[in-house]
Structure formats: C-alpha cells, structure tokens
Amino acid sequence: MPGFVDYFFSLNFALGAGITLALTLLSMILGIAGGLVLALVKTSGIRVLQAPTDLYIWLFRGTPILLQLIFIFNALPQMGLRFSAFTSAVIALSLNESAYMAEIIRAGIESVDKGQRSAARVLGLRDNQIMRYVVLPQAMRLIVPPTGNQFIGMLKMSALASVIAVQDLLLRAQRIASANFDYVDTLLAAACWYLILTTLFTYGQRWLEQRMDVSKRKRPAAAAGAAFTSDNR
Amino acid sequence: MTAPDNQPILKVSAVEKKYGELTVLRDISFEQFNGEAVVIVGSSGSGKSTLLRCIAGLEDVNSGEIVFCDQKISADKKLRYSIRGQIGMLFQSFNLFPHLTVIENIMLAPRLVRHTPQEEADARASDLLKKVGLVDKTYSYPEELSGGQAQRVAIARALAMDPKLMLFDEPTSALDPELTREVLDVMLGVVEDGMTVTVVTHEMSFARKAADRMVFMEHGKIVEQGATEDLFNNPQNERTRSFLSQIIGD
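All figures in this text were calculated on a predicted structure; none of them were measured in a lab.

A. Inspection of the overall build of chain A at higher detail. Helix and strand counts for chain A stand at nine helices and zero strands. With the C-alpha coordinates aligned to their principal axes, the bounding extent of chain A is approximately 70 × 50 × 25 Å. A buried classification covers 36% of the 233 residues belonging to chain A. Once local pairs closer than 6 in sequence are excluded, the contacts in chain A between residues at least 24 apart make up 77%.

B. Structural detail: the overall build of chain B. On a plain count of helices and strands, chain B comes out with nine helices and 10 strands. Taking 250 residues into account, the globule formula puts the C-alpha radius of gyration at 18 Å, and chain B, at 18 Å, falls close to it. Looking at chain B as a whole, 49% of its 250 residues qualify as buried. For chain B, contacts bridging at least 24 residues in sequence account for 64% of all contacts bridging at least 6.

C. Spatial organisation of the confidence of the model for chain B. A residue-level look at chain B finds 97% of positions with pLDDT of 70 or above and a mean pLDDT of 91. Model confidence for the complex is summarised by a pTM of 0.85, with the ipTM given as 0.91.

D. Quick peek at the sheet that holds strand S4 (residues 63-68) of chain B. Residue and element names in this part refer to chain B. Strand order across the open sheet formed by four strands is S2-S1-S4-S5, with antiparallel pairing between neighbours. Looking at strand neighbours, the two that pair on one side only are strand S2 (22-33) and strand S5 (71-72), the edges of this open sheet. Bridge count between S4 and S5: two bridges; the pairing is antiparallel. For Val-67, the partnering residue across the bridge sits in S5 and is Lys-72.

E. Quick peek at the packing of helix H3 (residues 102-113) of chain B against helix H5 (residues 147-159) of chain B. Residue and element names in this part refer to chain B. Two elements in contact, H3 and H5, have axes separated by 8 Å at closest approach and are oriented at 25 degrees. With respect to each other, H3 and H5 are oriented roughly parallel. In the crossing of H3 with H5, the sense of the turn from one axis to the other is right-handed. On the side of H3, the interface is formed by Val-102, Asn-105 and Ile-106, while H5 contributes Val-153, Ala-156 and Arg-157. Residue composition of the contact of H3 with H5, grouped by class: four nonpolar, one polar and one charged.

F. Representation of the pairing of strand S8 (residues 197-200) of chain B within the structure. All names here are of chain B. By the alternation rule, side chains of S8 split into Val-197 and Val-199 and Thr-198 and Val-200, which are all buried. Relative to S8, strand S3 (residues 37-41) runs parallel, the two sharing four bridges. Within S8, the residue paired with Val-39 across the bridge is Val-199. As judged from the four bridges shared by strand S7 (residues 165-169) and S8, these two strands associate in the parallel manner. Paired with Met-166 across the bridge in S8 is Val-197. Between the parallel elements S7 and S8, the chain passes through helix H6 (residues 177-192) in a crossover that is right-handed.

G. Region of interest: the sheet that holds strand S9 (residues 213-218) of chain B. All names here are of chain B. An order of S6-S7-S8-S3-S9-S10 is seen for the six strands of this open sheet, with the pairing classed as mixed. The open sheet has two edge strands, strand S6 (87-90) and strand S10 (221-227), and neither has a second partner. Averaged over all adjacent pairs, the angle separating strand axes in this sheet is 15 degrees, with direction ignored. Alignment of S9 against S10, held across six bridges, turns out to be antiparallel. Within S10, the residue paired with Phe-216 across the bridge is Glu-224. Each of S3, S6, S7, S8 and S9 is contacted by helix H1 (residues 48-55), which is oriented at about 150 degrees to S8, the strand it contacts most.

H. Fine view of the nonpolar core. If you look at the biggest cluster of nonpolar residues, it comprises 128 residues, and the most contacted ones within it are Ala89(A), Val39(B), Ile55(B), Ile155(B), Ala156(B) and Leu167(B). Examining the composition of this core, we find that 12 residues originate from one element, helix H5 (residues 85-111) of chain A, more than from any other. Leave out the neighbours within four places in its chain, and Ala156(B) touches Ile106(B), Leu128(B), Leu129(B), Lys131(B) and Val132(B).

I. Quick peek at the confidence of the model for chain A. Scored by pLDDT, chain A has a mean of 90; 91% of the residues are at 70 or more. Contacts from residues 221-226 of chain A, a stretch scored under 50 in pLDDT, to residues over four places away or in other chains number 12 contacts.

J. Here's a closer look at the interface of chain A and chain B. Every contact between the two is made by 26 residues of chain A and, on the other side, 34 residues of chain B. Partitioned by chemical class, the residues of the side of chain A that touches chain B number 12 nonpolar, 10 polar and four charged.

K. Region of the structure containing helix H8 (residues 169-180) of chain A. Residues and elements named next belong to chain A. Taking 1.5 Å of rise per residue, 12 residues should cover 16 Å, and H8 covers 17 Å from first to last C-alpha, within 8% of that figure. Where H8 is concerned, the buried positions are Leu-169, Leu-170, Leu-171, Arg-172, Ala-173 and Ile-176. Check the buried side of H8 and you find it contacts helix H1 (4-9), helix H2 (11-44) and helix H9 (183-212). Within two residues after H8, Phe-181 carries a phi angle of roughly 50 degrees, on the positive side.

Procedures and definitions
Residues numbered from 1 in each chain as written. Chains lettered and ligands numbered in written order. Predicted model: local features only at pLDDT ≥ 70, side-chain atom pairs only at ≥ 80, totals over all residues. Helix = DSSP H or I, 4+ residues; strand = E, 2+ residues; numbered from the N terminus. Buried ≥ 20, exposed ≤ 12 C-beta atoms within 10 Å, placed from the backbone. Contact = placed C-beta atoms within 7 Å. Rg over C-alpha atoms; globule rule 2.2 N^0.38 Å. pLDDT = per-residue confidence, 0-100. Pairing = 2+ DSSP bridges. Axes fitted to C-alpha atoms, helices over the stretch in contact; angles between N-to-C directions. Parallel < 35°, antiparallel > 145°, perpendicular 65-115°, else oblique. Left-handed = near helix turned anticlockwise from the far one by under 90°. Nonpolar A, V, L, I, M, F, W, Y, C, P; charged D, E, K, R; others polar. Right-handed = clockwise from strand over helix to strand, strands pointing away. Core = buried A, V, L, I, M, F, W, Y, C linked by C-beta atoms within 7 Å. Expected span 1.5 Å × (residues − 1).

Rendered as structure tokens:
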C-alpha cells in the first residue's frame, strides 16, 4: 500500500499539478487580457459600450463560477457548442476572471493623476500611446498586488474543474483515494502540491512588486529611452 | 524679447468658457506675436489657468475661437495629433512621469511623436539638461528631485519638442521661495532665447523683467492689457491699480 511520500512523488500527481498549473496560467492570462479590454472600454467614455460591459461584469460576478463551468460544459453542447473538458474549464475560468480583473484594472487606471494625461496630451502623444507609456505603467503599482491574489485564488478555484472531469490535481487525488480507500495520504499529498504552487506564486508576486518600486530599481545606463522604439506609428 | 513679426502666432477672439452654468471665461480677446512674452495676472479664480488649458487644447471653448499658426485650437484628438507638441505647457504640479527617469521623461515625446532617432533624442536631451543645469540628475527618477529641479526638468521636457509657443501655468506657485528663484531663472533664460511664452504667475518681478505685455484678468474677463511698463506705472483701471498695489505694496 503506497503512502503519502509515494503519492506526492508519483507521476500521476505531478501530471495533475501540471494540469492545474496550466489551467491557472491560461485562465489568468486570458482573464487579464479580457479584463484589460473591459477596463479600457469602461474608462474610454464610449457610451454605447458601457451598458454591455456592465452587463457582462454583473452577470459573471453575480452567478456562481461552478454554475458557469457546468453551463459551458453541459448546457452549451445542447445548443450545438461542444468543447473538451479542459477547454470548457479555461473558458469558464477566464470569462469569470475577466469580470474581476476588469474592476482591478479600472481602479488602477483611475488612480493615475489626471495631470499625467494632460501633460502627455500637450506633448502630442496619441491616446493609445498615453495609455501604454504613461497611464498603464503607473496603474501597474495598484494592479499587481490584487492580481497576485487573483492568481492564488485561481490556482485553488481551478480545482472546480474536477467536477467536469478535467484531470487536474484534485480529481487525480480523489480517484486514487477512492481506489485505494486512502483519503488522508492522497489529499495531504495534493494539498502539499497546492501549497508549493501558491508559495511559488507568492514569491513571484513579491518579486514583481519590488521590481516596480522605482526607488529600488537599477539605473538604466546608456540604454535610456530604448524602451520607446517599438510602436512608432 | 525679439522684435515681433506682423502676423500673430496666437489669436484669441471673443472666447467664452462655461462649466455647466458657471461662466469662467467671457469675451477674452488678445493676440501674441512671435517672440513675445505675455504675462497674465489676476486674483485666483479669475480664469487664467482655464484660459491656458483652452489654448493648449486641453479644454474646448464654448464660443469664440483660438487660432494658433492658422490652426483653430480645440480639444479634438485629430488636431492634437496634427499640432504634435508645438505648444508646450508647464503645470503647477510639474506632472513629470514618475515611472520614467529624467532623461526618459524628456525623450518620450520626441521618440513617440516625432520619431526622432535614439541617438539624436539622447543628445538633445543631454543638451537640454545642461541648459537647465541638471546633468547630474540624468538617470534620477522624479521622486528624487526637489520641486524646483522637477519643474526645470519639465521645462526641458517641453523644450525637447521645439514648441513655437510655451504656456506656463503658475509654474512656481507650489515651490518654496528659494526654489522659485532657480525656476524663474531658467524661465527667464527661455524668454531671452526668443521663445514665445504665455505665463500665468504671481511673480511680479519676473513679469517686470520678462514680459513684453501684460494681461490683467478678473472674474473671467480681461480688465486691462498693455505694455508691461505702462501697466505697472500707469494702470488705467481701478481694479488693476488695487491688485498691483496689493501685490507690490508689501
């Protein structure tokens, strides 16, 4: 009978952790991208797009993620849209995440002093350049800490995908647990994998936050301004 | 203070600006010639800053028009893109970009808006830093600068776009007296180099030294305008007289 150590180091668990990580990273990247689009729309002042954006955020923040997940996996096929379990999970998690990231990014953008935009406008920068080179880099200081929390939350939320049979860490642990009738060792092994991943994310978050602290950053020597070479429309 | 050409570079005609029901500018008209320095004075709340923001295209006027080098100014994006930083502006709160070093602040607009090559922009920025006396701050971040240094960097940043007109919106009002002097000195240098400037300030000694003409505003209206010495020595309007005596009196 295998014990905790065997489970922890088994290929099965490592693969499960890999799928959990892939699910988390994919959903977060798409969620951040979606949230950025929603936040840019919300702060753009384009009237006709406000109501649909609000509706989206209201819908996805107002219903359980588990319901959204099952809806995409089980209800959409009845309407002729079929996705694999993994794809369904990524879609559900990133759609849901977009709604939360939208609010985080919007708050970051709105925290940037209006004078920054005035100064950039007078200098002749285009609106997209102002957003990219002036507003967003400053908004990042407010966006990164809560986004780190979202990453960690997503890592744990991804376990919900086990209900639609995504072969993630939790599902594998449960299957082995019921096969061997050994819930304690299997679930503890899975918990350790989750802890390792969340700890890594926490360190990543801390590193990013420190990197963005201007006063601790290294001086760019001769290459100052090289960052502005792209996007020359 | 070069001799003015005969075509005004800036023509403000019968401008009116309202925020909702509140009229902040009414019937503002003045013009400015190339190389001229105009100082706008008046008590706070008289609409001076709003006027500069309208000239810079940061706000729209409700009626009347502002014409700069044959282009009608508005807050429209297209116009801003076509003017491409030909009007520079200094703000009371400096508004340097805090996430960029001093030299990056200066090079950002030339690189993005004018597509100036890297080396050229770099060399120009270094020259400008020399001009405002801050070469040692090239790679500093704005939070490491004093207010006076920050405003001098902001002057260099504006000059980097080679503007035809520079607007100074109370650039020293957030500064201590000793820091005010270093900024005023740099501003005087800019005026002496022949830049056309429109300055809102309470610094009367600067006005007296630098301004060719002065505009006195109150309650959103121009009460009096004229050559600097005339306005100081022989103000025609009662309001101008009492304002000047208040400011210079002590």
